[in-house]
Amino acid sequence: MKINQEQYDKIKHVLPVQHGNVSINNIDFINALLYICENGCKWRRLPSEFGKWHPIYKRFRYLVKEGYIEKLFYELFDQELFSGSTYPLFLDSTTVKVHPDTCGALKKMRTSHRQV
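### Observations concerning the overall build of the protein
In terms of regular secondary structure, the protein is built from four helices and zero strands. Secondary structure of the protein in N-to-C order comes out as α-α-α-α. Counting every position in the protein, which comprises 116 residues, the buried fraction comes to 25%. If you take every contact in the protein between residues at least 6 apart in sequence, the share linking residues at least 24 apart comes to 56%. Surface exposure of the protein reaches about 9700 Å², of which carbon and sulfur atoms provide 51%.

### A word on the layout of surface pockets
Empty space within the second largest pocket amounts to approximately 290 Å³. Taken together, 13 residues line the second largest pocket, and the ones lying closest to its centre are Gln 18, Val 22, Arg 59, Tyr 62 and Leu 63. If you tally residues by element for the lining of the second largest pocket, the top one is helix H3 (residues 53–66), at five residues. Of the residues belonging to the lining of the second largest pocket, the class tally is seven nonpolar, four polar and two charged.

### Here's the deal with the environment of His 54
With respect to the helices and strands, His 54 occurs in helix H3. Its relative accessible area of 38% is what places His 54 among the partly exposed residues.

### Regarding the nonpolar core
Among the nonpolar cores identified, the biggest contains 24 residues, and Ile 11, Phe 29, Ile 30, Leu 33, Ile 56, Ile 69 and Leu 72 are the most heavily contacted of them. Residue assignment for this core shows that the elements contributing at least two residues are helix H1 (5–11), helix H2 (26–39), H3 and helix H4 (68–78). The biggest single contributor to this core is H2, with seven residues. With residues near it in sequence (within four places) discarded, Leu 72 still touches Ile 11, Val 14, Leu 15, Ile 30 and Leu 33.

### So, the side chain of Asn 31
Along the chain, Asn 31 turns up in helix H2. Apart from the residues within four sequence positions on either side, Asn 31 is in contact with Met 1, Lys 2, Ile 3 and Phe 50.

### Quick look at the packing of H2 against H3
Where H2 meets H3, the axes come as close as 11 Å, and the angle between the chain directions of the two elements is 90°. Comparing the axis directions of H2 and H3 gives the class roughly perpendicular. Of H3, the residues touching H2 (which contributes Asn 26, Phe 29, Ala 32 and Leu 33) are Ile 56, Arg 59, Phe 60 and Leu 63. Looking at side-chain class alone, the contact of H2 with H3 contains six nonpolar, one polar and one charged residues.

### Let's talk about H3
For H3, built from 14 residues, the straight-helix expectation of 20 Å at 1.5 Å per residue is met to within 8% by its first-to-last C-alpha distance of 20 Å. Taken residue by residue, H3 has Ile 56, Arg 59, Phe 60 and Leu 63 as its buried positions. One side of H3 carries all its buried residues, which in axial view fall inside an arc of 105°. With respect to the buried face of H3, the exposed residues turned more than 90 degrees away are Lys 58 and Lys 65. Packing partners of the buried residues in H3 comprise H2 and H4. Backbone geometry just after H3 places Gly 67 at a positive phi near 90°.

Conventions and cut-offs
Residues numbered from 1 in each chain as written. Predicted model: local features only at pLDDT ≥ 70, side-chain atom pairs only at ≥ 80, totals over all residues. Heavy atoms only, no water. Helix = DSSP H or I, 4+ residues; strand = E, 2+ residues; numbered from the N terminus. Buried < 20%, exposed > 50% of the residue type's maximum accessible area, 1.4 Å probe, protein only. Contact = heavy atoms within 4.5 Å. Areas by Shrake-Rupley, 256 points an atom, 1.4 Å probe, with all protein chains shown as cover. 1 Å grid on protein atoms, 1.4 Å probe; cavity = no way out; pocket = protein on both sides within 12 Å on 5 of 7 lines; lining within 4 Å. Points joined across faces, edges and corners; volume = space filled by probe spheres on them. Nonpolar A, V, L, I, M, F, W, Y, C, P; charged D, E, K, R; others polar. Core = buried A, V, L, I, M, F, W, Y, C linked by side-chain atoms within 4.5 Å. Axes fitted to C-alpha atoms, helices over the stretch in contact; angles between N-to-C directions. Parallel < 35°, antiparallel > 145°, perpendicular 65-115°, else oblique. Expected span 1.5 Å × (residues − 1). Arc of directions from axis to C-beta.

Below, the structure is given as C-alpha cells:
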C-alpha cells in the first residue's frame, strides 16, 4: 500500500515540518512505514526504493518517542487511507521457552573414567 501526494496533503499536518538536510521526505517515510506494517519485515529488509533503512528507522524511533506515529495512524484511519487491522501482541520470555542449547549453554558431556 502506498499513499499519493493528494492523500498525503490530507494528513501532513500530523507530522512535524522537516528542517535542514533531510535524506527522505515525509511521504516516502510514510510509504516505507506502511510497507513495514503491511509485510511485517525487518527494517534491514526494507526495499531500496524507499531509501536507506537506517535513517527511516531513526526517524521512526524519534517520532514514536514524541507521539507522532500514534497520531499519524489515527489520522490514516480517520481519512480511511489505511484499513489494516491492529491486534495487540505481547511476548514475554516467561511464555516463550527455548531449549538451553539455543542460548549457547554448554552441553553436558559424559566422561567415563574406568580404573583398570
